[in-house]
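Here are the chains, one letter per residue:
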Amino acid sequence: MFEMEKSGMSRRCGLNADSSQFTLDGKPIRILGGSMHYFRVPRAYWNDRMLKMKACGLNTITTYVPWNLHEPERGVFNFRGQLDLLTFINEAAQVGLWVILRPGPYICAEWDLGGLPSWLLRDRNMTLRTTYAGFTEAVNSYFDELVPRLVPVQFSRGGPIIAVQVENEYGSYAKDDQYMSFIKNALESRGICELLLTSDNREGFQSGGVNGGIIVPQRAKLVMEYWSGWFDVWGEDHHTFSAEDMVSVIREVLKQGMSINIYMFHGGTNFGFMNGAVDYGTYKPQITSYDYDAPLSEAGDYTKKYHLLRSLFSSYQSENLPEIPALQPKKVYEAVAINQHLPLWETLQFTEPHQSESPVNMENLPINDGSGQSYGYTLYETTIATGGTLNSRNNVRDRALVYADSLFIGVLDYKTQKLTVPNGKGDQKLRLLLENCGRVNYGKALNYQRKGLIGDIVLNNVPLKDFTHYTLDMKPAFIDRLGAVSWALDTSKPTFPGFFRGSLWVEGCPADTFVKLPDWSKGVVFVNGQNLGRYWPIGPQKTLYLPGPWLKSGTNQ
């Protein structure tokens, strides 16, 4: 039986790990947890996914908190709508799930820059995840906004938060032996009083731990991340993990009396431009889907893993598990006819151009009240008098479509660093449309994730100068402004890059569906202003998940 007291009521003793078994309020408890990130699941489906977790036998939900979404510009905070963390926590309580919160500030999570806001990188001396003053000042400002929201929903105050994780996997980074103590104090001094824990692999235990946190083997054991699958990167195979192999290991963990958290139990989606990347010598951006081969699929469907886990967890329950909730309806809609077209060049009027002698990386552009550009695309434009060999000197981050006036020349990226520019009839506009394909989220490269053109680009060995920069971050206001211009109705000979528009008619109540783009090249999809994420035919992802709540009855754009 799960009982959640009214907010504000005090309890005797929170989660305790001083013996070989956890206790909560003095009573033995085994944590059967699963990870689900509120920022990867449409708000309308939070409750649905939680009920499915509860029906599988879980008693705890864990979630990261992404700083870069909650403070997208320095000093501008957002805890509304999809980012209403307090509502997410309270919904978990109503379902009967305890909460282990992982507020970072670094979260990894296959999320752009591991959840750190890109405006931190405007400081050329920035050293992330250390006690460097520029970083700690920003963390303190963020925690001043975040932590007071969490204090009232801790277990000791009648809420569902039973534990809080200090940072994340710092043992694998460990650049500053004072840093973990700083984060611990930053949490506790603002009112966090529940059990603190860390998450590290075997090698990271000592350098990633913190005084007061759980250190095995002297105390109760919690497998903080048992990976149910793995993430995917563009251009490689989809990862899967045998359901039987997964469950056999979990069965053994439970036999040994341990607690466990399944990462991920429900992965969700990297909507928008928020996917991360890996770089162990080769940069590889992650795909839009965060399905993770998890027990609940990207769209919240049951899998073989779910049913095997439910059978296993049922033997650790004192009562029968709840009935499995019905699946959300799905529908195959008619194909959308793309009947309007708008060349990118005609949308530049909706951006504020910035002039500089040398190219400026995205983060240091003088926009967004001094916070720079975080995501999307930047167009770099300069005038050249001749053709020749264009060399990026590996300063393209991460991918550039190159044009002489409107003539497409080719792509510059990490592998291709030279292109031939044809001679024109006089001066030409050299245009480079740079895409930030996702910042690295794990490893030693975090401090080097500035995007756009991060240095000179040369033509015939001479650095190009006098650039005009156009920010194309594809925020909702920009997408809305596109409706104010006249779109071409003939799409038979379109100009690339460009915007393409069509309408989807939905009869009755909208249902979940998937968007497939056969014969399309590379880009992003917006539905009713919502950025579903990137598509790219190199795979492994072939469709984009479109949640029913983001559609409406009638016409959808």
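Cut-offs applied
Residues numbered from 1 in each chain as written. Predicted model: local features only at pLDDT ≥ 70, side-chain atom pairs only at ≥ 80, totals over all residues. Heavy atoms only, no water. Phe/Tyr/Trp six-rings, centres within 6.5 Å; stacked < 30°, edge-to-face > 60°. Helix = DSSP H or I, 4+ residues; strand = E, 2+ residues; numbered from the N terminus. Lys NZ or Arg CZ within 6 Å of the ring centre and 35° of its normal. UniProt positions renumbered as here; feature names shortened; annotations may be inferred. Polar contact = N/O pair within 3.5 Å; in protein donor to acceptor, adjacent residues only side chain to side chain. Domains from an automatic or database assignment. Buried area = accessible area lost by both parts, 1.4 Å probe. Salt bridge = Lys/Arg side-chain N within 4 Å of Asp/Glu carboxyl O. Nonpolar A, V, L, I, M, F, W, Y, C, P; charged D, E, K, R; others polar. Buried < 20%, exposed > 50% of the residue type's maximum accessible area, 1.4 Å probe, protein only. Contact = heavy atoms within 4.5 Å. pLDDT = per-residue confidence, 0-100. Core = buried A, V, L, I, M, F, W, Y, C linked by side-chain atoms within 4.5 Å. Pairing = 2+ DSSP bridges.

As a further point, take the packing of aromatic side chains. This model, assessed by the stated rule, comprises 32 aromatic pairs. When the ring of Trp234 is compared with that of Trp536, the centres are 5.9 Å apart and the planes differ by 55°; the resulting orientation is tilted. Here Trp234 is found in the loop between β9 (222-227) and α7 (243-255), whereas its partner Trp536 is found in the loop between β30 (530-535) and β31 (543-546), with 302 residues between them in sequence. Here the aromatic cluster, defined as three or more aromatic residues joined through ring pairs, consists of Trp67, Trp119, Phe135, Tyr142, Phe143, Tyr170, Tyr173 and Tyr179. Across the ring face of Tyr290, the terminal group of Arg40 is positioned such that the distance to the ring centre comes to 3.7 Å. Sitting above the plane of the Tyr173 ring, Arg129 keeps its charged end 4.5 Å from the centroid.

So, about the UniProt feature "domain: Beta-galactosidase 1-like first all-beta" (unreviewed entry) in the protein chain. Cross-referencing UniProt, the feature "domain: Beta-galactosidase 1-like first all-beta" (unreviewed entry) maps to residues 372-473 in the present numbering. A distance of 11 Å separates the end C-alpha atoms of residues 372-473, which is 0% helix and 49% strand.

The next point concerns the UniProt feature "active site" (unreviewed entry) in the protein chain. As annotated by UniProt and renumbered to match this structure, "active site" (unreviewed entry) occupies Glu169 and Glu225. In summary, the annotated positions, though distributed over 57 residues, converge in three dimensions, the widest C-alpha pair being only 10.6 Å. Tracing the sequence through the fold places Glu169 in the loop between β7 (161-165) and α5 (179-188). Within the local environment of Glu225, its side chain forms a polar contact with the side chain of Tyr64, the two groups lying 3.0 Å apart.

Moving on to the domain arrangement of the protein chain. With domains assigned, the protein chain is organised as domain 1 (19-315), domain 2 (343-472) and domain 3 (503-556). Look at where the C-alpha atoms of domain 1 and domain 3 centre, and you get two points 28 Å apart. Contact between domain 1 and domain 3 buries roughly 1,700 Å² in total, counting both sides, with carbon and sulfur atoms accounting for 65%. Counting the surface domain 1 buries against domain 3, the share from its top three residues, Trp234, Phe271 and Phe273, is 36%. Our count for the domain 1 to domain 3 interface comes out at zero salt bridges. The tally of links between domain 1 and domain 3 comes to nine residue pairs in polar contact (both at pLDDT 80 or more). Within the side of domain 1 that touches domain 3, the residues separate by chemical class into nine nonpolar, seven polar and five charged.

Quick look at the environment of Ile287 now. Here Ile287 is to be found in the loop between β12 (283-285) and α8 (304-314). Owing to a relative accessible area of 3%, Ile287 belongs among the buried residues under this scheme. For the pair Ile287 and Asn270, spaced 17 residues apart in the sequence, the C-alpha separation amounts to 7.7 Å.

Bringing the pattern of salt bridges into the picture now. The full count for this structure, using the stated rule, is 22 salt bridges. For the salt bridge of Lys475 with Glu73, the shortest nitrogen-to-oxygen distance reads 3.6 Å. Placement of the pair is Lys475 in the loop between β25 (467-472) and α9 (476-481) and Glu73 in the loop between α2 (67-70) and α3 (85-95), with a sequence separation of 402 residues. Given the relative accessible area of 35%, Lys475 is considered partly exposed. Residue class for Glu73 comes out buried when judged on its relative accessible area of 16%. Between Lys429 and Glu381 there is a salt bridge, with its nearest N and O atoms 3.8 Å apart. Within this pair, whereas Lys429 is found in strand β21 (residues 428-435), its partner Glu381 is found in strand β15 (residues 377-384), the two being separated by 48 residues in sequence. Residue class for Glu381 comes out buried when judged on its relative accessible area of 8%. Connected via shared salt-bridge partners are Asp48, Arg49 and Lys52.

Okay, the side chain of Asn270 next. Considering the arrangement of structural elements, one finds Asn270 in the loop between β10 (259-266) and β11 (277-279). By relative accessible area, which is 1% here, Asn270 ends up buried. A distance of 2.8 Å separates polar atoms of two side chains, one belonging to Asn270 and the other to Arg40. Within the local environment of Asn270, its side chain forms a polar contact with the backbone oxygen of Ile287, the two atoms lying 3.0 Å apart. When near neighbours in sequence (up to four residues on either side) are disregarded, Asn270 contacts Arg40, Glu110, Trp111, Asn275, Ile287, Thr288, Ser289 and Tyr290.

This prediction gives the protein chain a mean pLDDT of 95; 95% of its residues lie at or above 70. Note that residues 1-8 has pLDDT below 50 and, in this model, 21 contacts with residues that lie over four places away or in other chains.

Within the largest apolar cluster, 128 residues are counted, with the highest numbers of intra-cluster contacts made by Ile250 and Phe313. Non-local contacts of Ile250, meaning those with residues more than four positions away in its chain, are made with Tyr226, Ile260, Ile262, Leu309, Leu312 and Phe313. By size, the runner-up hydrophobic cluster in this structure holds 17 residues, among which are Val396, Val421, Leu434 and Leu453.

What follows covers the sheet that holds strand β1 (residues 15-16). The three strands are arranged β1-β2-β3 in an open sheet whose pairing can be described as antiparallel. Both outer strands of the open sheet, β1 and β3 (27-28), are each paired with one neighbouring strand and no more. Bridge count for strand β2 (residues 23-24) against β3 is two bridges, and the pairing is antiparallel. Bridge pairing in β3 places Leu24 opposite Lys27.

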